[in-house]
Amino acid sequence: MRLACIAGLLMLVTSQSAEAGRTYEGREAAALRCSNLLSITAVVLSEAEEISKVERDIMLFATVAILERHVSGTRAEKQRALAVVRERRTLLETLEDYQRNAQRCLRQFPIN
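Everything in this summary refers to the structure shown in the same document. (Residues numbered from 1 in each chain as written. Predicted model: local features only at pLDDT ≥ 70, side-chain atom pairs only at ≥ 80, totals over all residues. Heavy atoms only, no water.)

1. Overview of the overall build of the chain
For step 1, the next point in the chain: A count of helices and strands for the chain gives five helices and zero strands.
For step 2, the next point in the chain: Considering the chain as a whole, with its 112 residues, one finds that 36% of them fall into the buried category. (Helix = DSSP H or I, 4+ residues; strand = E, 2+ residues; numbered from the N terminus. Buried < 20%, exposed > 50% of the residue type's maximum accessible area, 1.4 Å probe, protein only.)

Dropping the structure here:
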C-alpha cells in the first residue's frame, strides 16, 4: 500500500508538469528511460527502507549525470520529457525495467 501511495504521488507531480514540447528519439530517448528507471527505483527503494539515503542519493546523482551528459536540451525540456516517460509506464513496469536494464543503462550511458 505504501508503494502505491508513493507511486501515485510521483505520477501526480510529474503528470502535472507534462506539456507538449520537444520529442526525443534514439539514444537520447534511451537515456531518458534509463534516468527514469534509476530515479523512480531510488525513491521507491528508499521509501521502503530497502536502500539507505546515501545509496538513494548516488542513484539520483547518476540520473542527473545521465541527463546532463547524454540528453540535449534545456533543463525544462528534459523535465517535460521525463514526465512523458513516467506517464507512459506504470510503477511496476518501471521497477521491472530497472531489474532488467539498470546495468546496461550504466554501461551505455557512463557517468564518470
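2. Here we look at the side chain of Ser46
For step 1, the next point in the chain: Here Ser46 lies in helix H2 (residues 26–47).
For step 2, the next point in the chain: Accessibility expressed as a relative area gives 9% for Ser46, which makes it buried.
For step 3, the next point in the chain: Look past the residues within four positions of Ser46 in its chain and what remains in contact with it is Ile51 and Arg56. (Contact = heavy atoms within 4.5 Å.)

3. With respect to the pattern of salt bridges
For step 1, the next point in the chain: Taken as a whole, this structure holds five salt bridges when the rule is applied.
For step 2, the next point in the chain: Between Arg33 and Asp97 there is a salt bridge; the shortest N-O distance is 2.8 Å. With a gap of 64 residues between them, Arg33 in helix H2 and Asp97 in helix H5 (residues 91–108) connect regions that are remote in the sequence.
For step 3, the next point in the chain: When its relative accessible area of 34% is taken as the criterion, Arg33 is described as partly exposed.
For step 4, the next point in the chain: A relative accessible area of 1% means that Asp97 is categorised as buried.
For step 5, the next point in the chain: The salt bridge involving Asp97 is made with Arg89; its shortest N-O contact spans 3.8 Å. (Salt bridge = Lys/Arg side-chain N within 4 Å of Asp/Glu carboxyl O.)

Such coordinate-based values are descriptive only and should not be taken to indicate function.
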